[in-house]
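Letter by letter, the chains look like this.
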Number of protein chains: 2
Amino acid sequence: MDVYDKYAYEPFAVTVDLAVFTVRGGALHVLLVERGEEPYAGRWALPGGFVRPDESAETAARRELGEETGLTDVSGPHLEQLRTYSEPDRDPRMRVVSVAFAALLPDAPEAHGGGDAARARWTPYAAAGPLAFDHDRILADARERVGAKLEYTCLATAFCPPEFTLGELQQVYETVWGTALDRPNFRRKVLATPGFVEAVPGAARLTGGRGKPAALYRAGTATALHPPLLRPTPEGRPA
Amino acid sequence: MDVYDKYAYEPFAVTVDLAVFTVRGGALHVLLVERGEEPYAGRWALPGGFVRPDESAETAARRELGEETGLTDVSGPHLEQLRTYSEPDRDPRMRVVSVAFAALLPDAPEAHGGGDAARARWTPYAAAGPLAFDHDRILADARERVGAKLEYTCLATAFCPPEFTLGELQQVYETVWGTALDRPNFRRKVLATPGFVEAVPGAARLTGGRGKPAALYRAGTATALHPPLLRPTPEGRPA
DNA sequence: CCTTTTATGGTCAAGGCGACTATAAAAGGG
DNA sequence: CCCTTTTATAGTCGCCTTGACCATAAAAGG
């Protein structure tokens, strides 16, 4: 990292791209924006934008998250850096290096308040067609990362509202992983992990649905999951 | 990521920084270079350099790895992107965004063949004093990532020569994690994981040391470790 | 009132893993 | 040449986790 090297260096544009996920109605959704200009005019793309001179990539990502979702409290949602995409030809116009982030939101915010957010739409992950640039790749990487992190972190609560039932939490796992889980076993595992969730003391209950009302829980203070909650292996996944 | 936005964007310099690790004599070592110029003249730093106009960050990292280690076959070593560091003030001279990588090498190459490699020295991780720029942080992040990946991947073999004993493999774990492991249990776990290691058929053996000669193994084809090989928890590490 | 639906509680056996003991095969020192 | 030391390898035992179940409780709907 020697700026005084004799090598000439070329200036790059640096952007952030966001894969913003939520779980809605049993399906994983991602926030997309429609491009208005070339290249890829009319195609959908991940929200994002330039990193400004006084910003870190993290700051820029959180700013973009607020602009695209219309959220007021932008400090709440889980946001984490994924990796950086820097293929020389990933943008046909110029050299653009993009730092990708994944964000996890609870359902509800139907997005597009004003400004940039007006362009944004929640799209089922499965229906997120061919995206602009290398965003298909970024989105796939982001989804894989989120699925993997559910195994060994308490990240699943980031998809849930402040108070939630264990059934809702299980829905998050089943939706992201695309597999069904045994309810009693899931419950046993979650409750046996100290700090994962904590019961809402008011013995509160919920919901408009059928069946016995469920107890409410809040996210606990733990972040890691030891031992991990491994997704069921369809066959053998050792390789 | 809209280049036609009205926002002015500032050009950034983009570099790669490498945390190159090896296990030597029961201690984790990292490859450092001494800076000759301001700022941080005389301080040690992670090797790295500018990403060239026709390179991706991955390509630049592998090129730098070759230049700094003097290795000929630069396609062999494990190299993986860590994350990107982009704090606006991380370089006092100008706006530099750095994509950090971790590289894992087997012991032996005493580095510095010619060119840039002459500047490079293997340093025990524990003795890697205050480094230039934010490289202390990068190095700490890299070490943590490597330690974590040993748990759920077969990455440990990247520290070993082409043929190795289970004792050497265990040494890798103990060195990176800083904990002792029970030998029979470690052996049982490694051999029970299909594709982790495969026995060298020639019933070969080794070594100049005392004791019963050990069987030789090669790295297998598996990359993931299911179930994981968790490092012993000193107390409770659920948080 | 009975069925359906969801939440919750419990059992049981197989497998993984930590702790530990035992044996085998080399080197080194008297 | 024997005995100790050292390292590799084999095996045992019991606890805990986990997957596959079964059973009960509490609501809604007909």
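Residues numbered from 1 in each chain as written. Chains lettered and ligands numbered in written order. Predicted model: local features only at pLDDT ≥ 70, side-chain atom pairs only at ≥ 80, totals over all residues. Heavy atoms only, no water.

Engineer: Would you explain the interface of chain B and chain A in this entry?
Structural biologist: The extent of an interface is frequently quoted as the accessible surface area lost upon association of the parts. Contacts between chain B and chain A engage 56 residues on the former and 55 residues on the latter. For the pair chain B and chain A, the summed buried area comes to about 5000 Å², and 57% of that belongs to carbon and sulfur atoms. Connecting chain B to chain A are two salt bridges. E58 of chain B is the salt-bridge partner of R83 of chain A, the closest N and O atoms lying 3.2 Å from each other. Our count for the chain B to chain A interface comes out at 14 residue pairs in polar contact (both at pLDDT 80 or more). At the level of elements, β1 (13-24), β4 (48-50), α1 (57-69), β5 (78-85), β6 (96-105) and α2 (135-152) of chain B are the ones that each hand at least two residues to the side of chain B that touches chain A. Sort the elements by how many residues they give to the side of chain B that touches chain A and β1 of chain B lands first, with four residues. (Contact = heavy atoms within 4.5 Å. Buried area = accessible area lost by both parts, 1.4 Å probe. Salt bridge = Lys/Arg side-chain N within 4 Å of Asp/Glu carboxyl O. Polar contact = N/O pair within 3.5 Å; in protein donor to acceptor, adjacent residues only side chain to side chain. Helix = DSSP H or I, 4+ residues; strand = E, 2+ residues; numbered from the N terminus.)

Engineer: What am I meant to see in the protein's contact with DNA strand D here?
Structural biologist: Every one of the 22 residues lining DNA strand D counts as a neighbour, but R188 and R205 of chain A together with R183, R187 and A215 of chain B are closest to it. Here, DNA strand D places atoms within 4 Å of the protein, and 56% of those atoms are sugar or phosphate. In the environment of DNA strand D, a base nitrogen lies 2.9 Å from a nitrogen or oxygen atom belonging to the side chain of N185 of chain A. One of the side-chain nitrogen or oxygen atoms of R188 of chain B is found 3.4 Å away from a base oxygen of DNA strand D. Of all the secondary-structure elements, those providing two or more residues to the surface near DNA strand D are α4 (183-192) of chain A together with α4 (183-192) of chain B. Among the residues making up the surface near DNA strand D, the classes are represented as eight nonpolar, three polar and eleven charged. (Near = heavy atom within 4 Å. Nonpolar A, V, L, I, M, F, W, Y, C, P; charged D, E, K, R; others polar.)

Engineer: For this particular structure, what's the right way to read the packing of aromatic side chains?
Structural biologist: We describe a pair of aromatic rings using the distance from one ring centre to the other and the angle between the two ring planes. Residues and elements named next belong to chain A. Inspection of the entire model under this criterion finds seven aromatic pairs over all chains. With 5.0 Å between their ring centres and 75° between their planes, Y173 and W177 make a pair best called edge-to-face. With Y173 and W177 both in helix α3 (residues 166-177), this residue pair falls four residues apart, about one helical turn. Of the residues examined, Y173 reaches a relative accessible area of 0% and is grouped as buried. These aromatic residues form a ring-pair network of at least three members: Y173, W177 and F186. A cation over an aromatic ring shows up here: R143 above the ring of Y125, its NZ or CZ 4.7 Å from the ring centre. (Phe/Tyr/Trp six-rings, centres within 6.5 Å; stacked < 30°, edge-to-face > 60°. Buried < 20%, exposed > 50% of the residue type's maximum accessible area, 1.4 Å probe, protein only. Lys NZ or Arg CZ within 6 Å of the ring centre and 35° of its normal.)

Engineer: Looking at this structure, how should I read the protein's contact with DNA strand C?
Structural biologist: Close contacts around DNA strand C come from 22 residues, with R183, R187 and A215 of chain A together with R188 and R205 of chain B the closest. Near the protein, within 4 Å, the atoms of DNA strand C are sugar or phosphate in 58% of cases. A distance of 2.7 Å separates a phosphate oxygen of DNA strand C from a polar atom in the side chain of R187 of chain A. Here a base oxygen of DNA strand C sits 2.7 Å away from a polar atom, N or O, in the side chain of R188 of chain B.

Engineer: How do you make sense of the relation of the copies chain B and chain A when you look at a structure like this?
Structural biologist: When chain B is fitted onto chain A, the two copies agree to an RMSD of 0.0 Å after a turn of 180° and an axial shift of 0.0 Å. Taken together, these values place the two copies in the relation of a two-fold axis. Residue by residue, 98% of the interface of chain B is reproduced at the interface of chain A, so both copies engage with the same surface. (Least-squares fit on C-alpha atoms with pLDDT ≥ 70 in both.)

Engineer: Mind showing me how you'd approach the packing of helix α2 (residues 135-152) of chain A against α3 of chain A here?
Structural biologist: Two measures define how a pair of helices packs: the angle their axes make with one another and the distance between the axes. All names here are of chain A. Between α2 and α3, the least distance of the axes is 10 Å, while the angle of their chain directions is 140°. In terms of their interaxial angle, α2 and α3 are classed as oblique. Like other packed secondary-structure pairs, α2 and α3 cross with a definite hand, here left-handed. Each of R143, V146, G147, L150 and E151 in α2 lies in contact with α3, whose residues at this interface are V172, Y173, T175, V176 and W177. Counted by class, the contact of α2 with α3 contains six nonpolar, two polar and two charged residues. (Axes fitted to C-alpha atoms, helices over the stretch in contact; angles between N-to-C directions. Parallel < 35°, antiparallel > 145°, perpendicular 65-115°, else oblique. Left-handed = near helix turned anticlockwise from the far one by under 90°.)

Engineer: How should unusual backbone geometry be read in this particular structure?
Structural biologist: Keep in mind that most residues, glycine aside, have a negative phi and that most peptide bonds are trans. Residue and element names in this part refer to chain A. E38 connects to P39 through a cis peptide bond whose omega is -5°. Looking at the element boundaries, P39 is found in the loop between β2 (27-34) and β3 (44-45). The step from H226 to P227 runs through a cis peptide bond, and the omega angle for that step is -5°. Relative to the helices and strands, P227 is located in the segment after β9 (217-219). Positive phi, normally seen in glycine, also occurs at Y40, with a value near 65°. If you trace the backbone, Y40 turns up in the loop between β2 and β3.

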